[in-house]
Amino acid sequence: MFSFFKKKNPMNALEIQYKKLLEEAHRLSTTNRSLSDKKIYEAELIAIQIQKLKNSSS
């Protein structure tokens, strides 16, 4: 009922941010390729953080 009071899992927050960056990169790929490449780079940095969290939790 009060899901907005729950703390978000850092893994879920990173995955959401990763997906948003990839969607934005895809949208920008038709208009501004260099900005699209920057968004993909940012998404890859987040992917590395996600992988580190997965490795540390194992």
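To be clear, the structure that these remarks concern was listed above.
What you see is a predicted model, and the numbers here were worked out from it, not measured in a lab.

*Asks:* When you look at helix 1 (residues 10-28) in this model, what are you seeing that I'm missing?
*Replies:* Think of an α-helix as turning once every 3.6 residues; residues three or four places apart then point the same way. Counted at 1.5 Å a residue, the expected span for helix 1 with its 19 residues is 27 Å, and the 27 Å between its end C-alpha atoms agrees. Taken together, the buried positions of helix 1 are occupied by Met11, Leu14, Leu21, Ala25 and Leu28. Within helix 1, the buried residues cover an arc of 120° as seen down the axis, which keeps them to one side. Away from the buried face of helix 1 by more than 90 degrees, exposed residues Lys19, Lys20, Glu23, His26 and Arg27 are located.

*Asks:* Explain the pattern of salt bridges to me, please; I cannot follow it from the model alone.
*Replies:* Inspection of every chain in the model, using the stated rule, returns 3 salt bridges. The salt bridge involving Glu24 is made with Arg27; its shortest N-O contact spans 3.9 Å. Of the two residues, Glu24 and Arg27 both sit in helix 1, 3 residues apart, roughly one turn of that helix. A salt bridge links Glu24 to Lys39; its shortest N-O distance comes to 3.7 Å. Remark: Lys39 occurs in helix 2 (residues 33-57) and Glu24 occurs in helix 1; sequence separation between them is 15 residues. Glu24 gets classed as partly exposed once you look at its relative accessible area, which sits at 27%.

Conventions and cut-offs
- Residues numbered from 1 in each chain as written.
- Predicted model: local features only at pLDDT ≥ 70, side-chain atom pairs only at ≥ 80, totals over all residues.
- Heavy atoms only, no water.
- Helix = DSSP H or I, 4+ residues; strand = E, 2+ residues; numbered from the N terminus.
- Expected span 1.5 Å × (residues − 1).
- Buried < 20%, exposed > 50% of the residue type's maximum accessible area, 1.4 Å probe, protein only.
- Arc of directions from axis to C-beta.
- Salt bridge = Lys/Arg side-chain N within 4 Å of Asp/Glu carboxyl O.

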